[in-house]
Amino acid sequence: MGQEIQENFSASLHETLSACGDDSDFKGHKTITEIFGKLYVVGATSEGAESPLDVKLFDKATGKWLAPTILGKKPNSSTVHSGVLVTNDRILFLKADSSANEFSYFLEVDSKFVRERKDLLGGEVVAWSKGSIGDGPKPIVISGPSGVGKGTVINKLMKDFPSTFGFSVSHTTRAPREKEVNGIHYHFTEREVMETEIKEGKFLESALVHGNLYGTSVEAVEAVTDTGKRCILDIDVQGARSVRASTIEAIFIFIRPPSFEELEKRLRDRGTETEEQIQKRLRNARKEIEEGKEGLFDHVLVNDDLESCYANLKKLLGLDSMETSNKAASVDFRTPSSFTISRDAENNIVIDSQDTETKDGIPKKIVLDVSSVRGGAPGRTRGLTVSIEY
Ligand SMILES: Nc1nc2c(ncn2[C@@H]2O[C@H](COP(=O)(O)OP(=O)(O)O)[C@@H](O)[C@H]2O)c(=O)[nH]1
Ligand SMILES: Nc1ncnc2c1ncn2[C@@H]1O[C@H](COP(=O)(O)OP(=O)(O)O)[C@@H](O)[C@H]1O
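Parameters at a glance
- Residues numbered from 1 in each chain as written.
- Chains lettered and ligands numbered in written order.
- Predicted model: local features only at pLDDT ≥ 70, side-chain atom pairs only at ≥ 80, totals over all residues.
- Heavy atoms only, no water.
- Pairing = 2+ DSSP bridges.
- Helix = DSSP H or I, 4+ residues; strand = E, 2+ residues; numbered from the N terminus.
- Near = heavy atom within 4 Å.
- Polar contact = N/O pair within 3.5 Å; in protein donor to acceptor, adjacent residues only side chain to side chain.
- Areas by Shrake-Rupley, 256 points an atom, 1.4 Å probe, with all protein chains shown as cover.
- Nonpolar A, V, L, I, M, F, W, Y, C, P; charged D, E, K, R; others polar.
- Salt bridge = Lys/Arg side-chain N within 4 Å of Asp/Glu carboxyl O.
- Buried < 20%, exposed > 50% of the residue type's maximum accessible area, 1.4 Å probe, protein only.

A. Structural view of the pairing of strand β2 (residues 27-35). The pairing of β2 with strand β3 (residues 38-44) spans six bridges and is antiparallel. Following the sheet pairing, Thr33 is matched in β3 by Tyr40. Between β2 and β3, which pair antiparallel in sequence order, lie two residues; one of them, Phe36, sits at a positive phi of approximately 45 degrees.

In structure tokens:
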């Protein structure tokens, strides 16, 4: 395998590319990584540190440039220090003079997420994801029949813990209710537009629910994880099943009503649906309650008395003891302004500072254990372990 994979350290890759007629047209520094006969060339298309990084792909066998679909939020060019192949499925980029939260980005070239997207979109696909030290908090998926009280408990959680949780705002083709605000409760959209966006791979999951399309976009979850908050998804059972089958590691919670009669009463008292819509939701509710028993969910809560249901939810999320409130790993440092990258005997990636002055909070050496990195939430590579020496 060593023969088939070459990293950016190798000057010969730059020679190979020049010999092939390098028309990648990047400004300034570019990195090249070879994986199974394909050169992944990463650089900026315009000058300046804020220019986003672009990816071009050169196939040595055919001598042709391929234009991959690039998913995920592109890091900017100040990120480029060096591309290091960490596993066969992703390349690591390290950023100088940066916080622990921002210093590592991965270009996924053959991860499960990328393979899924290739099947969907066809052609070459790559995806950017930000490195996350440790496991980070898992997203929470909440499902249950219409009218059971999902929205009510989620609102309570967001109000009581505003800096801990963020809501994944879904797209839907249903009409807004009176008090619903576009972009806050849902992104209200046209069916044709949403169908096209589903084909383009914009959605992590989507489903037809009560006659309308609903879906979670990659961007909706990224918007929450980017703020460092824990993402809450209010999605139906089909959506929960899709997320379960994906690379997202989440906690799945199903909320049941105390009885079918009580569910009907809540739905009617809410007064947001027509009689026909209520009937449709009640028909679907029977099916959903049955599916909720299937073992797809990690926890089932009964929403009889609201306060006790909410107390149980907080308990299972570890919020009753604040020390265990799912804080992200608290490793804090800044990367040096200048460094070299190498590997040690255990195959860890070693960042050695080349800064002439020592500064507080900037380690001399940072050792990255990448043996257990994996995709987590979209836009995230989790499981990075860091040790530092000052
Ligand atoms: N699969 C999927 N389901 C969603 C999404 N957003 C909302 N839903 C589900 O769609 C169903 C209808 O939601 P909504 O129209 O807000 O009505 P409500 O459940 O009566 O409040 C609920 O089961 C939601 O959990 C989504 O992005 N994906
Ligand atoms: N435990 C409860 N007891 C009584 N009414 C409730 C309870 N939980 C929620 N409700 C009410 O039931 C209705 C449906 O709740 P909602 O949160 O909109 O459900 P969902 O989001 O699951 O469709 C709302 O009017 C809400 O105020």
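B. Seen up close, the site of ligand 1. Around ligand 1 there are 19 residues in total, and Ser146, Arg174, Tyr186, Tyr214 and Asp234 lie nearest to it. In the model, an oxygen atom of ligand 1 is placed 2.5 Å from a nitrogen or oxygen of the Tyr214 side chain. A total of 570 Å² of accessible area belongs to ligand 1 in isolation, and the protein chains cover 95% of it. Counting only elements with at least two residues in the shell around ligand 1, the list comes to β15 (203-209) and β16 (212-217). Looking at the shell around ligand 1, its residues break down into five nonpolar, six polar and eight charged.

C. Spatial organisation of the pattern of salt bridges. Tallied over the entire structure, the rule returns 25 salt bridges. One salt bridge in this structure joins Arg270 and Glu273, with 3.1 Å as the shortest N-O distance. For Arg270, a relative accessible area of 36% corresponds to the partly exposed category. Across the pair Glu273 and Arg281 runs a salt bridge whose closest N-O atoms are separated by 3.7 Å. Judged by its relative accessible area of 7%, Arg281 is buried. Here the salt bridges do not stand alone but share partners, grouping Arg174, Arg177, Glu180, Arg270, Glu273 and Arg281 into one network.

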